[in-house]
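What the coordinates show
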Amino acid sequence: MDGHASSLRELWFDPAQVFIGGVWRDVGAHLPLEDPSTGAPIGQIARGGADEIDAAVQAAQAALAGDWGRATAAERGRILARIGQMVLARADDLAALEASDVGKPLKQARADALALARYMEFYAGAADKVMGETIPYLDGYTVYTLREPHGVTGHIVPWNYPMQIIGRSVGAALTMGNACVLKPAEEACLTALAFARIAEAAGLPKGALNVVPGLGEEAGAALTAHPGVNHISFTGSVGVGRLVQGAAAQNLVPVTLELGGKSPQVVFADADLEKALPFLVNAGIQNAGQTCSASSRILVERPLYDQVVARMAERYAALRVGPARADLDVGPLISARQKEIVEGFLGLASGDEIVARGQIVGDAPKGGHYVAPTLMAGLSPDHRLAQDEIFGPAQVVLPFEDEEEAVAIANGTAYGLVASVWSENGGRQMRLAKRLRAGQVFINNYGAGGGVELPFGGTGKSGHGREKGFEALYGFSVLKTVAAHHG
Ligand code: NAD
């Protein structure tokens, strides 16, 4: 595809090590790593803790005081561009790594690798285009603003989209000249380490990026509590988000929280159903529904309701679930625990309320964490299945009578991450875009997690702060006002 494909194997890294200050090293304690497609062990990773986090923060501070702190915006952009090219050239290897680590079908894992490359390309181009402004002020003054890095930024990443989330958060932070300490998820950290190895080979100065795998309550908690960290970016669950914000409050540092969602797609009777149908289903089952911006609620205007339920049911019945390498529609969930949580939710639906289920293929390994995609209807909008984030391949279809009711149901959960409107009526599209409570609204499409260029983030329990796009560069920097009096 790119004519210069090369292998990750030529860039050696040991998955059981941490990467601190440009040095790969052992920590003496390990955590097991499992392939979610089989449930079998596939190796071990480092169990970093408070000591490694402290060393990583010190290495980041040293980088800021050294070459990395002195790099110009153009030089930072050039390094990011090189990282992007190297990621692109190794997209297949990175996809294979992510597929075995997270369990996602290969083509979805490859899309994540390409998104990581796109983040690097986008931020490489943006690095030297973040400008301040001059402000008219009193006679005899010149006033201007500067955008400066926070300093050391902490990045806590979940297991569902490691490459994409590293791209959007570490990519934007490096662009603005911060030095990063990355704590990937204990369930899936291989591409975080591979990314660090690529960044090292691309010439990123020592200490500008440090990676410490480990448990959330050990390495993660140590990172959020560390007084040397100047900004925290957290993606994960609401419960841990609360802990992270609490820890950040102790050090009075800013925090960006990207939490969960219960995102609706609102389908009006005048919608182009053929166009909508693939989005309605795919946005719910992509990555086995383990997507913060998954669309888990489909709201349908009454005249179209029965038809949408029937057409979605047809698609569900055709969905095939199996190991990542088989590259089917849906892979396994990340862990036995996640499968238990999702099955617990699905157990709340009665037989009548389950309209259709996909098929787990016969030769799917017995130890894999497979759950058949499940379409539900006939539930009240207040039902837990229509209110809580299931984080599995499951969607609920809910009818509505008119625009008012559509908005009330759509906005009627604690979350507000993404929403979409399916209608051919321009006025309705604009009204809904304003009234829906969400960080992103799509009209006649749905972009679960997509769009490197598009600012993304939540309201309510979905979190606060914005990542992705140019907007992220403001979040990963602080504004300084300079007022010069020259008479
Ligand atoms: P999680 O909150 O348990 O873990 C996320 C990360 O936080 C992991 O790296 C984990 O090690 C770390 N962590 C855990 N405890 C910690 C602590 N006490 N202090 C500091 N760090 C800690 O979430 P999860 O189960 O890995 O991911 C699923 C959840 O994440 C879902 O609710 C999903 O909606 C949300 N999510 C949101 C987004 C988004 O962009 N909004 C993206 C992916 C996942």
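Residues numbered from 1 in each chain as written. Predicted model: local features only at pLDDT ≥ 70, side-chain atom pairs only at ≥ 80, totals over all residues. Heavy atoms only, no water.

Let us look at the overall build of the protein. Each helix and strand in the protein was counted, giving 16 helices and 22 strands. For the protein, the C-alpha radius of gyration of 23 Å lies close to 23 Å, the compact-globule estimate for 487 residues. In terms of its C-alpha atoms, the protein occupies a principal-axis envelope of roughly 70 × 60 × 50 Å. Here the protein holds 487 residues, and 58% of them are scored as buried. Residue pairs at least 24 apart in sequence account for 75% of intrachain contacts in the protein once pairs closer than 6 positions are excluded. If you sum the accessible surface of the protein, you get close to 18,400 Å²; carbon and sulfur atoms cover 53% of it. (Helix = DSSP H or I, 4+ residues; strand = E, 2+ residues; numbered from the N terminus. Rg over C-alpha atoms; globule rule 2.2 N^0.38 Å. Buried < 20%, exposed > 50% of the residue type's maximum accessible area, 1.4 Å probe, protein only. Contact = heavy atoms within 4.5 Å. Areas by Shrake-Rupley, 256 points an atom, 1.4 Å probe, with all protein chains shown as cover.)

A word on the site of the ligand. What surrounds the ligand is a group of 27 residues, the closest being Lys183, Glu186, Ser237, Leu259 and Glu389. Separating an oxygen atom of the ligand from a backbone N or O atom of Val157 is a distance of 2.8 Å. One of the side-chain N or O atoms of Lys183 is found 2.7 Å from an oxygen atom in the ligand. In the complex, 89% of the free accessible area of the ligand, which totals 840 Å², lies under the protein chains. When residues of the shell around the ligand are traced back to their parent elements, those giving at least two are α6 (162–175), α8 (216–225), β10 (231–235) and α9 (238–251). Within the shell around the ligand, the residues separate by chemical class into 15 nonpolar, 7 polar and 5 charged. Of the residues that make up the shell around the ligand, three or more belong to each of domain 1 (3–259 + 465–481) and domain 2 (263–451). (Near = heavy atom within 4 Å. Polar contact = N/O pair within 3.5 Å; in protein donor to acceptor, adjacent residues only side chain to side chain. Nonpolar A, V, L, I, M, F, W, Y, C, P; charged D, E, K, R; others polar. Domains from an automatic or database assignment.)

Moving on to the domain arrangement of the protein. We note that the domain assignment places domain 1 (3–259 + 465–481) and domain 2 (263–451) within the protein. Just the C-alpha atoms count here: the centres of domain 1 and domain 2 sit 30 Å apart. Counting residues at the interface gives 23 residues for domain 1 and 30 residues for domain 2. Between domain 1 and domain 2 lies a buried interface of about 2,000 Å² when both sides are counted; carbon and sulfur atoms form 50% of it. Considering only the side of domain 1, the residues that lose the most area to domain 2 are Ser37, Trp159 and Tyr161, jointly responsible for 25% of the buried surface there. Summed over the shared surface of domain 1 and domain 2, the result is 1 salt bridge. Salt-bridge contacts for Lys107 lead to Asp327; the nearest nitrogen and oxygen are separated by 3.6 Å. Applying the counting rule to domain 1 against domain 2 returns 14 residue pairs in polar contact (both at pLDDT 80 or more). The set of elements that each furnish at least two residues to the side of domain 1 that touches domain 2 consists of α4 (91–102) and α5 (106–126). Residues belonging to the side of domain 1 that touches domain 2 are distributed by class as follows: 9 nonpolar, 7 polar and 7 charged. (Buried area = accessible area lost by both parts, 1.4 Å probe. Salt bridge = Lys/Arg side-chain N within 4 Å of Asp/Glu carboxyl O.)

Here we come to the nonpolar core. With 88 residues, the main nonpolar core has Trp68, Ile83 and Leu209 as its most contacted residues. Broken down by element, the residue count for this core peaks at 9 residues, all from α5. Beyond its immediate stretch of four places on either side in the chain, Trp68 contacts Ala63, Arg76, Ile79, Leu174, Gly177, Asn178, Ala179, Leu204, Pro205 and Ala208. By size, the runner-up hydrophobic cluster in this structure holds 57 residues, among which are Phe268, Leu277, Val308 and Leu333. (Core = buried A, V, L, I, M, F, W, Y, C linked by side-chain atoms within 4.5 Å.)

Next up on the list: the sheet that holds strand β20 (residues 440–443). The strand order across the open sheet built from 7 strands is β15-β17-β18-β13-β12-β19-β20, with neighbouring strands paired in mixed fashion. The strands lining the two open edges of the sheet, one partner per strand, are β15 (354–357) and β20. Recorded for the sheet is a direction-independent mean angle of 20° between the axes of neighbouring strands. As defined by bridge partners, strand β17 (residues 374–377) adjoins strand β18 (residues 394–400) across 4 bridges and the pair is classed as parallel. Along β18, the bridge assignment pairs Met376 with Val396. Each of β12 (263–267), β13 (295–301), β18 and β19 (418–422) is contacted by helix α10 (residues 273–285), which is oriented at about 135° to β18, the strand it contacts most. Packing of helix α11 (residues 302–318) onto the sheet brings it into contact with β12, β13, β15, β17 and β18, and relative to β18 it is tilted by some 165°. (Pairing = 2+ DSSP bridges. Axes fitted to C-alpha atoms, helices over the stretch in contact; angles between N-to-C directions.)

Bringing the state of the cysteines into the picture now. Disulfide: a covalent bond formed between the sulfur atoms of two cysteine residues. Within this structure, the stated rule accounts for 0 disulfides. For the unlinked cysteine Cys189, the closest cysteine sulfur is that of Cys180, found at 17 Å. (Disulfide = S-S within 2.5 Å.)

Non-glycine residue Leu252 carries a positive phi angle of around 50°. Positionally, Leu252 belongs in the loop between α9 and β11 (255–258). Its identity is not glycine, yet Ala288 carries a phi of approximately 55°, on the positive side. Note that Ala288 resides in the loop between α10 and β13. Ala288 sits in the buried class, given a relative accessible area of 2%.

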